[in-house]
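Residue strings, one per chain:
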Amino acid sequence: MPWPDTVAAKIVSRYIAVRYDLDAITLRRFDPPMGSMPFFNNSATGEIRRGELILVAGSMLKSLEEMGIPLEGKKLEGGKGADDVKAGALEELADAMNVENANSSKMVAVIDDYYKFRDEV
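Presented here is an overview of the structure given in this document.

What counts and what doesn't
Residues numbered from 1 in each chain as written. Predicted model: local features only at pLDDT ≥ 70, side-chain atom pairs only at ≥ 80, totals over all residues. Heavy atoms only, no water. Helix = DSSP H or I, 4+ residues; strand = E, 2+ residues; numbered from the N terminus. Rg over C-alpha atoms; globule rule 2.2 N^0.38 Å. Buried < 20%, exposed > 50% of the residue type's maximum accessible area, 1.4 Å probe, protein only. Contact = heavy atoms within 4.5 Å. Areas by Shrake-Rupley, 256 points an atom, 1.4 Å probe, with all protein chains shown as cover. Lys, Arg positive; Asp, Glu negative; His and termini not counted. Charge placed at Lys NZ, Arg CZ, Asp CG, Glu CD. Polar contact = N/O pair within 3.5 Å; in protein donor to acceptor, adjacent residues only side chain to side chain. Expected span 1.5 Å × (residues − 1). Arc of directions from axis to C-beta. Salt bridge = Lys/Arg side-chain N within 4 Å of Asp/Glu carboxyl O. Core = buried A, V, L, I, M, F, W, Y, C linked by side-chain atoms within 4.5 Å. 1 Å grid on protein atoms, 1.4 Å probe; cavity = no way out; pocket = protein on both sides within 12 Å on 5 of 7 lines; lining within 4 Å. Points joined across faces, edges and corners; volume = space filled by probe spheres on them. Nonpolar A, V, L, I, M, F, W, Y, C, P; charged D, E, K, R; others polar.

1. Points about the overall build of the chain
Item 1. Scanning the chain for helices and strands turns up five helices and zero strands.
Item 2. Starting at the N terminus and ending at the C terminus, the chain contains elements arranged as α-α-α-α-α.
Item 3. Against the 2.2 N^0.38 benchmark of 14 Å for 121 residues, the chain shows a C-alpha radius of gyration of 14 Å, consistent with a compact globule.
Item 4. For the chain, the spread of C-alpha atoms along the three principal axes comes to 40 × 30 × 25 Å.
Item 5. Taken over 121 residues, the chain has a buried fraction of 39%.
Item 6. Intrachain contacts of the chain at a sequence separation of at least 6 include 70% that bridge at least 24 residues.
Item 7. Approximately 6800 Å² of the chain is accessible, and the part contributed by carbon and sulfur atoms is 53%.
Item 8. The centroid of the 15 positive side-chain charges in the chain is displaced by 4 Å from the centroid of its 20 negative side-chain charges.

Have a look at this one:
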């Protein structure tokens, strides 16, 4: 099943493609499992892998911030500040990336949940 046809998916796949020398279209079309992604260290202990994935996720989220992609307004409700929302996004993205058999499109679902892209109403 391919990645969703959204701006979020295109931005995330492009980021991964440039960073890891992959083809973004192939990534979106085939939705490989997380364990096959170049940043997923299959031989690391769970603790080390999680640390590595937090670094990758943080870099990805920093890239979104540098592009000026805003946080979802609904995530900022209830007195949550931007830093709290960003920390939640980082944790949830790292959790999604840490499931070896999960589809890589799970990353897009998390990012799309925390950030507002121009194709959203």
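Next comes the rest of the account.
2. Some details on the environment of V12
Item 1. In this fold, V12 is placed in helix α1 (residues 7–20).
Item 2. In this structure, the C-alpha to C-alpha distance between V12 and E91, residues 79 residues apart in sequence, is 17 Å.
Item 3. Filtering out sequence-adjacent residues up to four positions away, V12 remains in contact with W3, M60, V108 and I111.

3. Regarding the side chain of D31
Item 1. Within the secondary structure, D31 sits in the loop between α2 (24–30) and α3 (46–66).
Item 2. Within the structure, D31 has its side chain in polar contact with the side chain of N103 (distance 3.1 Å).

4. Brief notes about helix α4 (residues 82–97)
Item 1. Across its 16 residues, α4 extends 22 Å between first and last C-alpha, which sits within 8% of the 22 Å expected from 1.5 Å per residue.
Item 2. By the burial criterion, the buried members of α4 are V85, A89, L93, A94, A96 and M97. All buried residues of α4 lie within an arc of 165 degrees about the axis, which places them on one face of the element.
Item 3. Lining the buried residues of α4 we find α3 and α5 (106–114).

5. Points about the pattern of salt bridges
Item 1. Applying the stated criterion across every chain, the model contains six salt bridges.
Item 2. Of the charged contacts, one joins D5 and K10 as a salt bridge, the two residues approaching to 3.1 Å between their closest N and O atoms.
Item 3. Taking the relative accessible area as the measure of exposure, D5 reaches 68% and is therefore exposed.
Item 4. A residue is classified by how much of its surface remains accessible, and K10, at 41% relative accessible area, is partly exposed.

6. Observations regarding the nonpolar core
Item 1. Among the nonpolar cores identified, the biggest contains 34 residues, and I16, M107 and Y115 are the most heavily contacted of them.
Item 2. Discounting residues that sit within four places of it in the chain, Y115 has contacts with L61, L64, I69, P70, L71, E72, K86, A89 and E120.

7. Quick look at empty space enclosed by the protein
Item 1. The full count for this structure, using the stated rule, is one cavity of 30 Å³ or more.
Item 2. Of the pockets and cavities examined, the largest cavity occupies roughly 30 Å³.
Item 3. Forming the boundary of the largest cavity are I11, V12, Y15, M60, S63, L64 and M67.
Item 4. Among the secondary structure elements, those contributing two or more residues to the lining of the largest cavity are α1 and α3.
Item 5. A per-class count over the lining of the largest cavity returns six nonpolar, one polar and no charged.

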